[in-house]
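Each chain, letter by letter, is given below.
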Amino acid sequence: MIEAGRIVIPDLFAGVWDASVVSTYGADLHFFERDLLRQMDRIGNRVVLADNTQINRSFSRGPQARQLHQVNRTYLLAPIRVAQAAHVKFIMMLNGIQGLLAVGSGNLSMSGYASQGEIFTIYHYTSDDKEFLPAFLAVKEYLDGLGSNGNIDSVAREQLQRLWVAVPWIYKATKSTNSPVLHNLSRSFLDQLVEQLGGRSVDELVLHAPFYDRECRALERLLSSTNPRKLVLLVQERVTSVDPSKLEDVIASSGVDVDLRSVSASESGVMIHAKFIIAKCGDRAVCLQGSPNMSTVAMSLHQPQGNLEMANLLEGHREAFDHLMLGLNMSGESVNLAAMDLRLVESQSDEAGNLGEDVVRELSWIAPVVSGRFASVVLEPPTMIVGDEIAADVEWRLEDPMDGETSFRILLGERSATAISRNCAIVFGFSDDSFTVPTFPYHRKSLAALHSGQPVTDLLTLAADFDVEDGELERLLRQLDDVLVVDSRSLWRIVEGPSAITSDDDIEDGPHYDYSDIDWTAILNHPKLIHA
């Protein structure tokens, strides 16, 4: 089954799932921990993939990073390192017999997942409906590619491999090799769109994108490659990021009949962040919808020169995708470009250099040792800062640099170990007064326990840190339910209330057992004692 439009978070996460993978450009991890993890509590393997620069920017805002309690402990956060931007957006839920996949335009945030301004296409796989298995295979191919290309840490790569082992249907043969979900690891989206059109004449090209490149080169190439008779160009007044003079030049030189329409969301104050191209060819239509903006790095290039992007490439009857515009307020006639008050919004990528040194890789915590490597030559142990305090009770072991990198192991004392167990970020300060961006280490044992279905027992040591609204409190109570023994009197009080047992004489009337008659082997092997 396939459906497209806004996603409904409670419905999306409903069901019994064993694993989840969320890919995003920017990540509001407070929203994820506060709102989404409550609905994903029974999922063992939880992975979030996000653009490395965006993660660094988020963690460099000190107060925000200090409010995170669960990152890399009850879910794995994997930074994606590429030359441009890791801009892929999808949500995938899996278990041993079925899957759900949503591919679209929204980032991991309340607005990205609940706003009218976003569009996702949702695919389902079940044992009775295998039609969209190729869509899931395309996402697996993309994730495997990140691992083989070295774009993610080995810890994330291993976690994803464990995920696939628990999903045997992902390895089933499929009759169709054509996937409705595309990535650009090896081919640009423009090339894949043109291939889908197959030389058909394009009567009308409908386009909406919130961001264009500086020279409007991606639009120029799209028009020259598809040669439409008419272009319906949707722009948001004072919102669409484009140089109006460059846009006017490209339109004029194309010779295409252009119908410029103003659009806005019906919900006040909402930016239309969705991106889509609809090519109408006779009685058929082809739609490219997903994460790519109308920029050269998104549409015209592939890895490693371009962004990482993902999109849905769908085909149907001529009006099959008109619903993408039904929820929008659209001007009834063409508008004048000069009246739209458009301008090009400069990228924030130049700010990355102010975030700190991005040199920490594979930072891991297996008590009492922190290990990892620096993507640089380090000859003297740097200062280690855990949370807001310098870690003085540490013993460093720096390996000899190799291929421009330096591996390390740090033995922590009790004070620093306790701080890390409470999930504090780590910063390293070097002798040249430079500092690394804050990094949350991978809590290897906790992540492994989640995947195996065991509880994260270190929550019991953090009870004093919980907020009343914190989802960890609920998990703590469940852990207590798992490990506490309820005696017969307490059991009756739970069922009948305090008046159910009024004196010790009531218990004396119950069954009695001699210690020698008890099967102690069975008791010692009881599940509640095995993990205690």
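Worth saying up front: this structure is predicted, and the values here are computed from it rather than measured.

S.K.: Help me understand the layout of surface pockets in this model?
M.R.: Counted as a void, the second largest pocket has a volume near 640 Å³. Taken together, 23 residues make up the lining of the second largest pocket; nearest its centre are Asn178, Ser179, Pro180, Val181 and Leu182. Elements that contribute at least two residues to the lining of the second largest pocket include exactly α6 (133-148), β8 (181-183), α8 (189-197) and β14 (310-317). In the lining of the second largest pocket, the residues fall into ten nonpolar, eight polar and five charged.

S.K.: Just checking my understanding: could you explain the pairing of strand β2 (residues 19-24) for this structure?
M.R.: Within a regular beta strand, the side chains point alternately toward one face of the sheet and then the other, so they alternate between its two faces. With six of its six residues buried, β2 lies for the most part within the structure. Both faces of β2 are covered, namely the face carrying Ala19, Val21 and Ser23 and the face carrying Ser20, Val22 and Thr24. Of the pairings in the sheet, the one linking β2 to strand β3 (residues 45-51) comprises six bridges and is parallel in character. In the strand pairing of β3, serine 20 is matched with arginine 46. Note on the crossover from β2 through helix α2 (residues 29-39) to β3: the handedness is right-handed.

S.K.: Sorry if this is basic, but what is going on with the packing of helix α9 (residues 217-226) against helix α10 (residues 244-254) here?
M.R.: Packed helices, taken two at a time, are described by their axes: the angle between them and the distance between them. Close contact between α9 and α10 brings their axes to 10 Å; oriented N to C, the two are set at 15 degrees. In terms of their interaxial angle, α9 and α10 are classed as roughly parallel. Both α9 and α10 take part in a crossing whose hand is right-handed. Contacts between α9 and α10 pair Leu219, Glu220 and Leu223 from the former with Leu247, Val250 and Ser254 from the latter. Here the contact of α9 with α10 is built from residues that sort into four nonpolar, one polar and one charged.

Conventions adopted
- Residues numbered from 1 in each chain as written.
- Predicted model: local features only at pLDDT ≥ 70, side-chain atom pairs only at ≥ 80, totals over all residues.
- Heavy atoms only, no water.
- 1 Å grid on protein atoms, 1.4 Å probe; cavity = no way out; pocket = protein on both sides within 12 Å on 5 of 7 lines; lining within 4 Å.
- Points joined across faces, edges and corners; volume = space filled by probe spheres on them.
- Helix = DSSP H or I, 4+ residues; strand = E, 2+ residues; numbered from the N terminus.
- Nonpolar A, V, L, I, M, F, W, Y, C, P; charged D, E, K, R; others polar.
- Buried < 20%, exposed > 50% of the residue type's maximum accessible area, 1.4 Å probe, protein only.
- Pairing = 2+ DSSP bridges.
- Right-handed = clockwise from strand over helix to strand, strands pointing away.
- Axes fitted to C-alpha atoms, helices over the stretch in contact; angles between N-to-C directions.
- Parallel < 35°, antiparallel > 145°, perpendicular 65-115°, else oblique.
- Left-handed = near helix turned anticlockwise from the far one by under 90°.
- Contact = heavy atoms within 4.5 Å.

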